[in-house]
Number of protein chains: 2
Amino acid sequence: MVGRCPTTSGTDGVKRQSAFNPESFSDALSAAEAKGQQFEQVYFVACGASLADLYPSRYFLDRESRQLRTAGYSSNEFVHAEPAALNHGSLVVVCSHSGGTAETVQAAKLARESGAFVVTLTHNQQSDLAPHSDYSILYDWGEQSRVDDNPMAVALAISAETLKRIEGYVGYTDFRNAMEQVNNLVQAARERVRGRSEEFAAASADESLYYVLSSGASYGHARSFAGSGLMEMQWLDASAIHTGEFFHGPFEITSRAKNFFLLKNEGCTRPLDQRAEDFLRQYAGQLEVIDARQLGISALAAGVVDYFNPILFYSVLCEYRDALARVRRHPIDTRRYMGKVDY
Amino acid sequence: MVGRCPTTSGTDGVKRQSAFNPESFSDALSAAEAKGQQFEQVYFVACGASLADLYPSRYFLDRESRQLRTAGYSSNEFVHAEPAALNHGSLVVVCSHSGGTAETVQAAKLARESGAFVVTLTHNQQSDLAPHSDYSILYDWGEQSRVDDNPMAVALAISAETLKRIEGYVGYTDFRNAMEQVNNLVQAARERVRGRSEEFAAASADESLYYVLSSGASYGHARSFAGSGLMEMQWLDASAIHTGEFFHGPFEITSRAKNFFLLKNEGCTRPLDQRAEDFLRQYAGQLEVIDARQLGISALAAGVVDYFNPILFYSVLCEYRDALARVRRHPIDTRRYMGKVDY
């Protein structure tokens, strides 16, 4: 199993098609419906960073859908404790970067055997997911790839397409427009934080623990930046907190000795993040606010911007993670257990 | 706002009725249905420890229901980003120990105005939730109360009753029997860990950071023990990790210098917890395994035991938290921000 580090180029100079083709996917759903599949639930199943990539999709359907049930699972929990509703009325979106994560392959197999329509996302053309897939998407990856061809955006596009098809989605045009805009916007944001992230890293070389706060569609990436960006790739202690929950227990840990990242969303849950920021500015030690609004995301339509925040945060936080890696002389692909010991 | 610490007695020597009456609740659902409410979704809304109390219920419906949509929200997220499906087909379970948590009261108000059937749980007879409630439950609390009269079990009982009524629940008899058994079982478990928790605390007086691992229905309480038991009540750094996710990033943090609590479930997700235990025994520093099986929970029927694990973990971990409080001379109700500063 290989950790996912976007350090290799995903482009080869040839103009490529988008990783996701809405028409082709919609046709595949039509064909499934013609065979009697009537979709009532959408499950998102993956592990680690791939599960975080699916979080905005689950959040999107949970908020926008009037009919569809939705849930997200770490693959091994899905395998060992499958939901009773898993059946031919289920659309199961499964993601594994390497295409070989054992629990995820098993989850796809289980879902398909239950009669579900299985959509797989992977970066590996020879993925072990292939035999368990009704519709497979090979997404792009690497510094040179477009973010709308990366798994977080692709899964979100799948979700919007599914919603539109099953029950209609009034925000669909805004959503597709935002998907067209997001790559340029994110690349510009990434440029903008580069200097800041270097300064942050220089001032943080000796820190050992970070709290990562966010809300809404971005809470999944707060968890992933903690668990993958910091714990896995930097062996730094980390803990993610939802800004809505912060004031109901966790904030008592705040002091000048503690360090916080705040992923401040544009959109509906911004007041939750703002409240955390106001408190932390007064009582915390180091506070790094990554403000999606300041980084230009408000160019996207207000009705859909919520779902695009984590796409921006993912890329921007790569700058912070990589800057920390350089200052700490701890390359992001250094592992002590994964691929090295049995577990 | 007052943090919830079960240090005061909830009994007065008088034999009291159970906090939850299945027949009365079922009658209330019938009356709502007679007025045209057809329940399609069940939402759980609260903050902090109360939200953790609702987690097993959301997990239960997510796994057992074939028809009902379910989701859980931190109150302020529900208020600022309400789900599109919130309407007269929604049953919304809202919990606030003090009955006055502002965001939670607002969430109950919003839900009721949307036409939902609102069930409120509180320990305060003069709760601000009352005007926004279709069915209100005053639960018991304190060292002397029965765990099946505490909010986690009461919410779970609400969920089982709802499931039975809406679509039938084959495990219902086992579930009710388990609810009868769980109090004695938990009290015995609590006695059993008392000595061990004292030893643990004595050996841990100088530690400052804990990882708390679990899976299944208990993952919510892993988060709550981290966020409330350790961060809020002991000002200790803490981070919760799902055992299914542990091997997909976070485990790289493991070393002899790190401390872990593992809440090891009985039931379907036990293999996930076991895998984490096997790894941690080899590579971690301090590892405290709270094994629900060793603590007697297997007396409950196999088909329902998964959902009762967190009820046991809650009580047992109070012993650990209280032992830490004594050794560290940090009473569990010490606050530096809540009720002391504006935020």
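Each chain carries its own residue numbering, running from 1 in the written order of its sequence. Labels follow written order: the first chain is A, the first ligand is 1, and so on. Totals for whole chains, interfaces and linings use all residues, but because this is a predicted model, local features are given only for residues with pLDDT of at least 70 and pairs of side-chain atoms are given and counted only at 80 or more. Excluding hydrogens and water, the side-chain figures rest on all heavy atoms present in the structure.

### What about the relation of the copies chain A and chain B?
Its rotation angle being 180°, the transformation that places chain A on chain B also includes 0.0 Å of axial translation and leaves an RMSD of 0.0 Å. Such values leave the two copies arranged in the relation of a two-fold axis. Throughout, a residue-residue contact means that at least one pair of heavy atoms, one from each residue, lies within 4.5 Å. Interface overlap between copies is the fraction of interface residues in one copy that are interface residues in the other; for chain A against chain B it reaches 100%, indicating a shared surface. When the copies are superposed, the least-squares fit draws on C-alpha atoms of residues that have pLDDT of at least 70 in both.

### A short note on the domain arrangement of chain A
All names here are of chain A. According to the domain assignment, chain A contains domain 1 (22-169) and domain 2 (194-328). Placing the centre of domain 1 and that of domain 2 at their C-alpha centroids yields a distance of 27 Å. At the interface, 15 residues of domain 1 touch 19 residues of domain 2. The buried area of a pairing is the accessible area, by a 1.4 Å probe, that goes missing from both parts when the two are put together, added over both. Both faces considered, domain 1 and domain 2 share a buried interface measuring about 1,300 Å² in area, 65% of it formed by carbon and sulfur atoms. The three residues of domain 1 that bury the most area against domain 2 are Tyr55, Tyr59 and Met152, which together make up 35% of that side's buried surface. Salt-bridge contacts for Asp306 lead to Arg63; the nearest nitrogen and oxygen are separated by 2.8 Å. Numbering of helices and strands starts at the N terminus; helices are DSSP runs of H or I of at least 4 residues and strands are runs of E of at least 2. Those elements that place two or more of their residues in the side of domain 1 that touches domain 2 are helix H2 (48-64) and helix H5 (151-167). All domain edges in this entry derive from an automatic or database-based domain assignment. One side-chain nitrogen of Lys or Arg within 4 Å of one carboxyl oxygen of Asp or Glu is enough to make a salt bridge.

### Let's talk about the packing of aromatic side chains
When we look at a pair of aromatic rings, we describe it by the centre distance and by the angle of the planes. Put simply, two rings from Phe, Tyr or Trp (the six-membered ring, in Trp's case) pair if the centres are within 6.5 Å, and we call them stacked under 30 degrees between planes, edge-to-face over 60, tilted for the rest. All told, the structure shown has 72 aromatic pairs over all chains when counted by the stated rule. Their ring planes at 85° and their centres at 4.9 Å tell us that Phe279 of chain A and Tyr337 of chain B sit as a pair that is edge-to-face. Placement of the pair is Phe279 of chain A in helix H9 (residues 270-283) and Tyr337 of chain B in the segment after helix H10 (309-327), with the two residues belonging to separate chains. Accessibility classification places Phe279 of chain A together with Tyr337 of chain B in one group, the buried group. Seen in terms of ring centroids, Phe246 of chain B and Phe279 of chain B are 5.9 Å apart; in terms of plane orientation they differ by 75°. Their pairing is edge-to-face. Here the residue Phe246 of chain B occupies a position in helix H8 (residues 243-246), and Phe279 of chain B occupies one in helix H9 (residues 270-283), the gap between them amounting to 33 residues. Accessible area is worked out with a 1.4 Å probe on protein chains only. A residue is then buried under 20% of its type maximum, exposed over 50%, and partly exposed in between. Residue Phe246 of chain B is classed as buried on the basis of its relative accessible area, which comes to 0%. Three or more aromatic residues joined by ring pairs make a cluster, and in this case those are Tyr211, Phe246, Phe247, Phe251, Phe260, Phe279 and Tyr283 of chain A together with Tyr337 and Tyr343 of chain B. For a ring to carry a charge above it, either NZ of a lysine or CZ of an arginine must fall within 6 Å of the ring centroid while also lying within 35 degrees of the normal to the ring plane. Against the face of Tyr172 of chain A rests Lys164 of chain A, its NZ or CZ located 4.3 Å from the ring centre.

### Focus: the packing of helix H6 (residues 172-204) of chain B against H10 of chain B
Residue and element names in this part refer to chain B. Every axis in this analysis is a line fitted to C-alpha atoms, fitted for helices over the stretch in contact. Angles between the N-to-C directions lie between 0 and 180 degrees. Two elements in contact, H6 and H10, have axes separated by 8 Å at closest approach and are oriented at 30°. One element, H6, and the other, H10, form an angle in the roughly parallel class. Seen from above, H6 lies across H10 with right-handed handedness. Side-chain classes follow a simple rule in which Ala, Val, Leu, Ile, Met, Phe, Trp, Tyr, Cys and Pro form the nonpolar group, Asp, Glu, Lys and Arg form the charged group, and the remainder, Gly included, forms the polar group. Here the contact of H6 with H10 is built from residues that sort into 16 nonpolar, 3 polar and 7 charged. An angle below 35 degrees is treated as roughly parallel, one above 145 as roughly antiparallel, one from 65 to 115 as roughly perpendicular, and anything else as oblique. Crossing handedness is defined as follows: a turn of the near helix away from the far one that is anticlockwise and smaller than a right angle gives a left-handed crossing, while the clockwise case is right-handed.

### Things to note about the packing of H2 of chain A against helix H7 (residues 219-234) of chain A
Residues and elements named next belong to chain A. With their axes 8 Å apart at the nearest point, H2 and H7 run at an angle of 165° to one another. When the axes of H2 and H7 are compared, the pair comes out roughly antiparallel. In this structure, H2 meets H7 at a crossing whose hand is left-handed. Two secondary-structure elements touch here, H2 through Ala49, Ala52 and Tyr55 and H7 through Tyr219, Gly220, Arg223, Ser224 and Ser228.

### Structural notes on the pairing of strand E6 (residues 209-214) of chain A
Residues and elements named next belong to chain A. Most of E6 is tucked away: 6 of the 6 residues are buried. Burial of E6 is two-sided: the residues Leu209, Tyr211 and Leu213 facing one way and the residues Tyr210, Val212 and Ser214 facing the other way are all buried. Looking at chain direction, E6 and strand E7 (residues 237-242) are connected through 6 bridges and run parallel. Looking at E7, one finds that Leu213 is bridged to Ile241. Crossovers are marked right-handed if the path from the first strand over the helix to the second runs clockwise, as seen with the strands pointing away from the viewer. Between the parallel pair E6 and E7, the chain is carried across by H7, and the sense of this crossover is right-handed. Any two strands between which DSSP finds at least two bridges are classified as paired. With 3 bridges connecting them, E6 and strand E8 (residues 260-264) associate as parallel partners. When the sheet's bridge partners are listed, Val212 is paired in E8 with Phe261.

### Some remarks on the side chain of Ser127 of chain A
Its place among the elements puts Ser127 of chain A in the loop between strand E4 (117-122) and strand E5 (135-138). Not counting the four nearest positions on each side in its chain, Ser127 of chain A is found in contact with Gly99 and Thr122 of chain A.

### What about the environment of Glu180 of chain A?
All names here are of chain A. With respect to the helices and strands, the residue Glu180 is situated in helix H6 (residues 172-204). On the accessibility criterion, Glu180 (54% relative accessible area) is exposed. Separated by 89 residues in sequence, Glu180 and Thr269 place their C-alpha atoms 24 Å apart.

### Brief notes about the pattern of salt bridges
Tallied over the entire structure, the rule returns 42 salt bridges over all chains. Among the ionic pairs, Arg112 of chain B bridges to Asp134 of chain B, the shortest N-O distance being 3.0 Å. You can see Arg112 of chain B sitting in helix H4 (residues 102-113) and its partner Asp134 of chain B sitting in the loop between strand E4 (117-122) and strand E5 (135-138), a full 22 residues away along the chain. Assessed through its relative accessible area of 32%, Asp134 of chain B is described here as partly exposed. What you see here is one network of salt bridges that share partners, running through Glu143, Arg190, Glu191, Arg194 and Glu319 of chain A.

### Looking at the state of the cysteines
In plain terms, two cysteine sulfur atoms within 2.5 Å form what is called a disulfide here. Under the defined criterion, the tally for this structure stands at 0 disulfides over all chains. In this structure Cys268 of chain A is not part of a disulfide, and its nearest cysteine sulfur, from Cys47 of chain B, lies 18 Å away.

### Concerning the interface of chain A and chain B
Opposite the 69 residues of chain A that make contact, chain B presents 69 residues. Of the roughly 5,700 Å² buried where chain A meets chain B, counting both sides, 52% is carbon and sulfur surface. Summed over the shared surface of chain A and chain B, the result is 4 salt bridges. Between Glu103 of chain B and Arg275 of chain A there is a salt bridge; the shortest N-O distance is 3.2 Å. Here a polar contact is taken to be a pair of N or O atoms separated by no more than 3.5 Å, where protein atoms must pair a possible hydrogen donor with a possible acceptor and residues adjacent in sequence count only if both atoms sit in side chains. Between chain A and chain B we count 40 residue pairs in polar contact (both at pLDDT 80 or more) in total. Residue assignment for the side of chain A that touches chain B shows that the elements contributing at least two residues are H2, strand E2 (69-74), helix H3 (75-80), E6, H7, E7, helix H8 (243-246) and H9 of chain A. Here the side of chain A that touches chain B takes 7 residues from H2 of chain A, the largest share from any one element. Of the residues that constitute the side of chain A that touches chain B, the class distribution is 34 nonpolar, 18 polar and 17 charged.

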